[in-house]
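The chain contents come next:
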Amino acid sequence: MHNGVSSFNHFIHELSVDSDTSSLDYSSGEDDSDGISTPPSPLSQSSLRSWASLPTNYESHWTDWITFIVWWVLLPARILLWLPLYLLRLLGTRNSRMSPMSPGRYQHSSRPYFSKAIPGKEHDVPNRTTDKRRGVIEDLQLGIEIFIETIFDFFHKAAHLLLSPSETFGIVLSWFSSSSHSSKGNYGDASDDEIVQTAILGDSDSSPTERRTTTSLYNTDTRTCQDVITELGYPYEAIRVVTSDGYGLLLERIPRRDARKAVYLQHGVMDSSMGWVSNGVVGSPAFAAYDQGYDVFLGNFRGLVSRDHVNKNISSKDFWRYSINEHATEDIPAMIKKIHEIKTSELKLYQPTMEEVVNEEQPYKLCVISHSLGGAAVLMYVITRKIEEKPHRLSRLILLSPAGFHDDSNMCFTLMEYTFLLLGPVLSRIVPAFYIPTKFFRMLLNKLARDFHNYPAVGGLVQTLMSYVVGGDSSNWVGVMGLPHYNMNDMPGISFRVAQHLAQIKHSGKFKMFDYGSSSANMEVYGSPEPLDLGEFYGLIDVPVDLVAGKKDKVIRPSMVRKHYRVMRDSGVDVSYNEFEYAHLDFTFSHREELLAYVMSRLLLVEPTPTQTNHKKGMKLKKKMETGKPHL
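Scoring rules and cut-offs
Residues numbered from 1 in each chain as written. Predicted model: local features only at pLDDT ≥ 70, side-chain atom pairs only at ≥ 80, totals over all residues. Heavy atoms only, no water. Helix = DSSP H or I, 4+ residues; strand = E, 2+ residues; numbered from the N terminus. Buried < 20%, exposed > 50% of the residue type's maximum accessible area, 1.4 Å probe, protein only. Contact = heavy atoms within 4.5 Å. Areas by Shrake-Rupley, 256 points an atom, 1.4 Å probe, with all protein chains shown as cover. Phe/Tyr/Trp six-rings, centres within 6.5 Å; stacked < 30°, edge-to-face > 60°. Lys NZ or Arg CZ within 6 Å of the ring centre and 35° of its normal. Core = buried A, V, L, I, M, F, W, Y, C linked by side-chain atoms within 4.5 Å. Pairing = 2+ DSSP bridges. Right-handed = clockwise from strand over helix to strand, strands pointing away. Axes fitted to C-alpha atoms, helices over the stretch in contact; angles between N-to-C directions. Parallel < 35°, antiparallel > 145°, perpendicular 65-115°, else oblique. Left-handed = near helix turned anticlockwise from the far one by under 90°. Nonpolar A, V, L, I, M, F, W, Y, C, P; charged D, E, K, R; others polar. Expected span 1.5 Å × (residues − 1). pLDDT = per-residue confidence, 0-100. Salt bridge = Lys/Arg side-chain N within 4 Å of Asp/Glu carboxyl O. Patch = residues over 30% accessible without salt bridge, like charges linked within 9 Å, V, L, I, M, F, W, Y side chains within 5 Å.

Scanning the protein chain for helices and strands turns up 23 helices and 12 strands. Evaluated residue by residue, the protein chain yields a buried proportion of 50% over its 632 residues. Taking as baseline every contact in the protein chain between residues at least 6 positions apart, the subset at least 24 positions apart corresponds to 78%. Surface exposure of the protein chain reaches about 30400 Å², of which carbon and sulfur atoms provide 58%.

Encoded structure:
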């Protein structure tokens, strides 16, 4: 048995605080815009706790009393159980060392435990090969072994006390000694914290530094995007953005502060910024863009279970009352506004002579890479900003399998479409959003995903079932379930209105804004009885657009991406179209060098800003005037 304790041993104690996660703080506080505190690393040795650190209530008084009373009663049962228990114990020691059976009996071993290295998979977050997390099956096995050891140790102690009357008498006397009781109560206390030597690549001082990490009680992966980025040696910055309707968003950044080119990456439904960094240095779009000299911004839509909002008492129903409209008209504008403020202020700081040469409003170029629902939201954002005659500040759109047209889809999505359309008024009052509501079930999903990884037969079965549900899409659904952003503390969810909005789009066959259900409501929002058909306004898009489809994508089929292309081309948009042999999630969660090369090549098509060119000419002219000036 491994030198650790099953997470299920502590589960009952946590049930009382398991139902509400609204108080969890996903992002940094309003005054902390430089970063987020690092959560405990699942790769820390302290994630496997020693029984030697448990308090001595393991030897509580009632156990000794019961030992005397039931010893002779249970003697026949002990004789019958002795042999099978002994054999099971020997069987357990074949795979691991014996667990300490009582405090003080064995010392805590400092030898680190490394799980068997599992061959790397495309969806694995970096350092997954030394992951020591356990799944549900392993927890059950560990719990059974601990239970057997506990029963055996109980009878062993009873026999020892029976054969040692003097020691038994001393224990009885110790009950009446307050000093002895106090020392026993403090015995074995150990901090859950552990000092870990760490060093980040690229630091000027490469000597290891001490970082205090906290053990993960449930042995689950709770790493964040920040952990993945910093573990790989890249710089990181977290920025809290508040929308005009009060939602708190986490805008993450791999900063290159003096860069005049920036890229903003926006995830899709039930996803987060983790998708852009989950394939490590070589296979992640975020790292590839940074290595090409870009200042990288990772956006996160509203919709986390932690419910970050300026109104801390907001109800679940009110929090989840939003559609794709709010993603496009609230979330993206707030994040791009923050990006613009940061870039303009930093470029003035790093290049003080910039204002002397030119007075351009935007001295940088900002490109967008988006996936799935993020692509639909970006298109809606650009069109609505043009209608409102406001700047969108974007230079190029790279849309990976964008949502927007869904009339060509499988039977499962058609069934969901009619369910939302027919039962929407009733379901919206009962189910405001779709997510896993309690910490226990989120922990269970995290552990089941680990089981799917450790047991390929089980994982293959789940993968096959998931593929059938989404019409045969061959994405690595099991791998995605195991990503750290689906953890017991938080996870991305999808509001009922977002799902209903997608059903409306599919039913109408048009890329439309949300239909509020009545002409009067639509008139109040849009100024017309019907929601805006965004396809009719594609001619307002004034930046190049690159559309990318997956031939194996059964969620958003290539025919639907080609529909975007035809409407844009007929509207006079500078648009390109390309297809790859990918499924829907392969665009973010799989290592695809061909796709990365294509995306980077499209980014490089963005020409330098006029500010750059004018600035260089101005500096040359200034030097020439200085050299030609007569000396006095």
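Don't stop here, the text continues.
On to the packing of aromatic side chains, then. Under the criterion given, the structure shown has 18 aromatic pairs. A cation sits over an aromatic face here: Arg302 above Tyr247, 3.8 Å from the ring centre. A cation sits over an aromatic face here: Arg302 above Tyr322, 5.5 Å from the ring centre.

On to the nonpolar core. Membership of the largest hydrophobic core comes to 80 residues, with the highest contact counts inside it found for Tyr264, Leu397, Phe511, Ile541, Val545 and Met568. In this structure Ile541 touches Leu379, Val382, Ile383, Met568 and Val573, once residues within four positions along its chain are discounted. If you look at the next biggest cluster of nonpolar residues, it comprises 37 residues, including Tyr236, Ala238, Ile369 and Ile398.

Across six bridges, strand β11 (residues 545-550) lies against strand β12 (residues 575-580) in parallel orientation. Counterpart to Ala549 in the pairing with β12 is Glu579. Running through helix α20 (residues 558-570), the crossover from β11 to the neighbouring parallel element β12 is right-handed.

Right, let's talk about unusual backbone geometry for a bit. The phi dihedral of Met270 falls on the positive side, at around 55°, and the residue is not glycine. Owing to a relative accessible area of 28%, Met270 belongs among the partly exposed residues under this scheme. Unlike most non-glycine residues, Glu389 shows phi in positive territory, near 60°. Here Glu389 is to be found in the loop between α13 (373-387) and β8 (396-400).

Looking now at the side chain of Glu326. Inspection of the secondary structure assignment puts Glu326 in helix α11 (residues 324-350). Excluding anything up to four places from it in sequence, Glu326 contacts Asp245, Arg302, Asp331 and Tyr516.

With that settled, consider the pairing of β11. Counting buried residues in β11 gives six out of six residues, a clear majority hidden from the surface. Both faces of β11 are covered, namely the face carrying Val545, Leu547 and Ala549 and the face carrying Asp546, Val548 and Gly550.

Before going further, it helps to spend a moment on the sheet that holds β12. With mixed pairing, eight strands are arranged side by side in an open sheet as β3-β4-β6-β5-β7-β8-β11-β12. The open sheet terminates on both sides in strands that have one partner only, identified here as β3 (237-242) and β12. Geometrically, the sheet is characterised by an average inter-axis angle of 20° between neighbouring strands, direction not taken into account. As defined by bridge partners, β8 adjoins β11 across four bridges and the pair is classed as parallel.

A few words on the packing of helix α14 (residues 411-430) against helix α18 (residues 496-508). In the contact formed by α14 and α18, the axes pass within 9 Å of each other and the chain directions differ by 130°. Put simply, α14 runs oblique to α18. Handedness of the crossing formed by α14 with α18: left-handed. Judged by residue contacts, Phe413, Thr414, Glu417, Tyr418, Phe420, Leu421, Gly424, Leu427 and Ser428 of α14 engage Phe496, Ala499, Gln500, Ala503, Gln504, Lys506 and His507 from α18. For the contact of α14 with α18, the residue count by class is eight nonpolar, six polar and two charged.

Its 15 residues place the ends of α13 21 Å apart at the C-alpha level, agreeing with the 21 Å of an ideal helix rising 1.5 Å per residue. With 13 of its 15 residues buried, α13 lies for the most part within the structure. Just downstream of α13, Glu389 is the residue with a positive phi angle, here 60°.

With that settled, consider the confidence of the model for the protein chain. On average, residues of the protein chain carry a pLDDT of 74, and 65% of them reach 70 or more. The spread of mean pLDDT over the elements of the protein chain runs between strand β2 (residues 209-214), the lowest at 40, and strand β6 (residues 295-299), the highest at 97. Long-range and interchain partners of residues 94-124, a stretch whose pLDDT sits below 50, account for 68 contacts in this model, where long-range means more than four residues apart.

On inspection of all chains with the given rule, the structure shows 24 salt bridges. Here Glu388 and Lys390 are joined by a salt bridge, their closest N and O atoms 3.8 Å apart. Taking relative accessible area as the criterion, Glu388 reaches 44% and is therefore assigned partly exposed. Between Glu417 and Lys506 there is a salt bridge, and its shortest N-O distance comes to 2.9 Å.

A cluster of nonpolar residues, Tyr418, Leu422 and Leu423, forms a patch on the protein surface that exposes about 320 Å² of accessible area. Inspection of the secondary structure assignment puts Tyr418 in helix α14.

What follows concerns the environment of Tyr290. Within the secondary structure layout, Tyr290 lies in helix α9 (residues 285-291). When the C-alpha atoms of Tyr290 and Arg256 are compared, they prove to be 7.7 Å apart, with 34 residues separating the residues in sequence. Leave out the neighbours within four places in its chain, and Tyr290 touches Tyr234, Pro235, Ile254, Pro255, Arg256 and Val296.

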